[in-house]
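What follows is each chain in one-letter form.
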Amino acid sequence: MDSKSSACSSPNPNPTLGPSKLMLAFRFLRALSLVRRTTPASSRTCRGRRIERAAYASMAYTAGASRAWSRAVLRRLHHRARRRAVAPRRLSTTAGNRAEALRRLVPGGGGMDYCTLLEETADYIKCLSMQVELMQGIVDSASSYGP
């Protein structure tokens, strides 16, 4: 083990299981209804982007400002600039570059030490999986009603 892993002995600042699934569902469904009312059905690309932003925003608002990744997502959504699309870079998987690759994947991970980065990554993954479960539940319930 190296010195980085031994530095992770600090207790988790957020020992709860993460954001409430009910609150995440409430915020996401409220945001979806707003997207539905304000976006014309003809602009599928714009609607898809707004749904994606609504999903990230509801996840970050529910997680609160206690996590660095949620602050980074909210900051990015609040001050989003129009950026042109760039082809995704391939991330190197060598041992020396894994932390840097993780810093690029986790919102707000750029200035974190290794231990904090791992804690934020775990919380971010937990929230993303909760978001996927919520969206799958919405799709399942919508498909059960039929066409």
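Taking an unreviewed UniProt entry as the reference, the protein chain is identified by name as BHLH domain-containing protein belonging to Musa troglodytarum. Per UniProt, the protein chain carries the Subcellular location (unreviewed entry) text "Nucleus". Note on the protein chain: under the UniProt heading Sequence similarities (unreviewed entry), the record states "Belongs to the bHLH protein family."

Draft legend 1. The packing of helix α3 (residues 44-63) against helix α6 (residues 114-144), seen in detail. Interhelical geometry of α3 versus α6 gives an angle of 125° and a closest axis separation of 11 Å. In terms of their interaxial angle, α3 and α6 are classed as oblique. Crossing hand, α3 versus α6: right-handed. Of the residues in α6, those in contact with Ala55, Tyr56, Met59 and Ala63 of α3 are Tyr124, Cys127, Leu128, Gln131 and Met135. Looking at the contact of α3 with α6 residue by residue, the class counts come to eight nonpolar, one polar and no charged.

Draft legend 2. Summary view of the layout of surface pockets. Within this model, the second largest pocket holds a volume of roughly 330 Å³. Forming the walls of the second largest pocket are 13 residues, and the residues nearest its centre are Ala31, Leu34, Arg53, Ala54 and Ala57. Of all the elements in the fold, those that place two or more residues in the lining of the second largest pocket are α2 (21-38) and α3. At six residues, the largest contribution of residues to the lining of the second largest pocket is made by α3. Tallied by class, residues from the lining of the second largest pocket come to seven nonpolar, one polar and five charged.

Draft legend 3. Fine view of the pattern of salt bridges. For the coordinates displayed, the defined rule picks out three salt bridges. For glutamate 120, the salt bridge goes to arginine 67, with nearest N and O atoms at 3.6 Å. Note that glutamate 120 is positioned in helix α6 and arginine 67 in the loop between α3 and α4 (68-78), a separation of 53 residues in sequence. The residue glutamate 100 makes a salt bridge to arginine 103 at a minimum N-O spacing of 3.2 Å. With glutamate 100 and arginine 103 both in helix α5 (residues 98-105) and three residues apart, the pair spans about one turn of that helix. Taking relative accessible area as the criterion, arginine 103 reaches 16% and is therefore assigned buried.

What counts as what
- Residues numbered from 1 in each chain as written.
- Predicted model: local features only at pLDDT ≥ 70, side-chain atom pairs only at ≥ 80, totals over all residues.
- Heavy atoms only, no water.
- UniProt positions renumbered as here; feature names shortened; annotations may be inferred.
- Axes fitted to C-alpha atoms, helices over the stretch in contact; angles between N-to-C directions.
- Helix = DSSP H or I, 4+ residues; strand = E, 2+ residues; numbered from the N terminus.
- Parallel < 35°, antiparallel > 145°, perpendicular 65-115°, else oblique.
- Left-handed = near helix turned anticlockwise from the far one by under 90°.
- Contact = heavy atoms within 4.5 Å.
- Nonpolar A, V, L, I, M, F, W, Y, C, P; charged D, E, K, R; others polar.
- 1 Å grid on protein atoms, 1.4 Å probe; cavity = no way out; pocket = protein on both sides within 12 Å on 5 of 7 lines; lining within 4 Å.
- Points joined across faces, edges and corners; volume = space filled by probe spheres on them.
- Salt bridge = Lys/Arg side-chain N within 4 Å of Asp/Glu carboxyl O.
- Buried < 20%, exposed > 50% of the residue type's maximum accessible area, 1.4 Å probe, protein only.

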